[in-house]
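Chain by chain, the residues:
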Amino acid sequence: MSAKAKKRKNRYKLGIILIISLFILIVSFVAYMNNTTLEDVLNEKYDNSIVVHQDDYGQNNSK
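All values reported here derive from a predicted model rather than from experimental measurement.

Trainee: So what exactly am I meant to see when it comes to the overall build of the protein here?
Mentor: In terms of regular secondary structure, the protein is built from two helices and zero strands. Considering the protein as a whole, with its 63 residues, one finds that 2% of them fall into the buried category. Of the roughly 6500 Å² that the protein leaves accessible, carbon and sulfur atoms contribute 60%.

So, in structure tokens, the structure goes:
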């Protein structure tokens, strides 16, 4: 096997490893986003009083 063929073979191996790693990263990210809600993350990071659950928040209610 010539040196040129070995170099080409190693380049393809590196490319395949990078593509598989990227695929695993994307699948992990999508699984995390599907199983975790924004409210869960906010409740873990901040105090519970910061998350507002009002539908009419910020609207002028004076009639």
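From this point, the narrative continues.
Trainee: Just to check I follow, could you spell out a positive patch on the surface for this structure?
Mentor: Together, Lys 4, Lys 7, Arg 8 and Arg 11 make up a positively charged patch on the protein surface. Position of Lys 4 among the secondary structure elements: in helix H1 (residues 3-35). Residue Lys 4 is classed as exposed on the basis of its relative accessible area, which comes to 63%.

Trainee: Where do I start with a nonpolar patch on the surface in this structure?
Mentor: Residues Leu 22, Leu 25, Ile 26, Phe 29, Val 30, Tyr 32, Met 33 and Val 41 make up a contiguous nonpolar surface patch of roughly 780 Å² in combined accessible area. The leading source of residues in the nonpolar patch is H1, at seven residues. In this fold, Val 41 is placed in helix H2 (residues 38-45).

Cut-offs used in this document
Residues numbered from 1 in each chain as written. Predicted model: local features only at pLDDT ≥ 70, side-chain atom pairs only at ≥ 80, totals over all residues. Heavy atoms only, no water. Helix = DSSP H or I, 4+ residues; strand = E, 2+ residues; numbered from the N terminus. Buried < 20%, exposed > 50% of the residue type's maximum accessible area, 1.4 Å probe, protein only. Areas by Shrake-Rupley, 256 points an atom, 1.4 Å probe, with all protein chains shown as cover. Patch = residues over 30% accessible without salt bridge, like charges linked within 9 Å, V, L, I, M, F, W, Y side chains within 5 Å. Salt bridge = Lys/Arg side-chain N within 4 Å of Asp/Glu carboxyl O. Lys, Arg positive; Asp, Glu negative; His and termini not counted. Charge placed at Lys NZ, Arg CZ, Asp CG, Glu CD.

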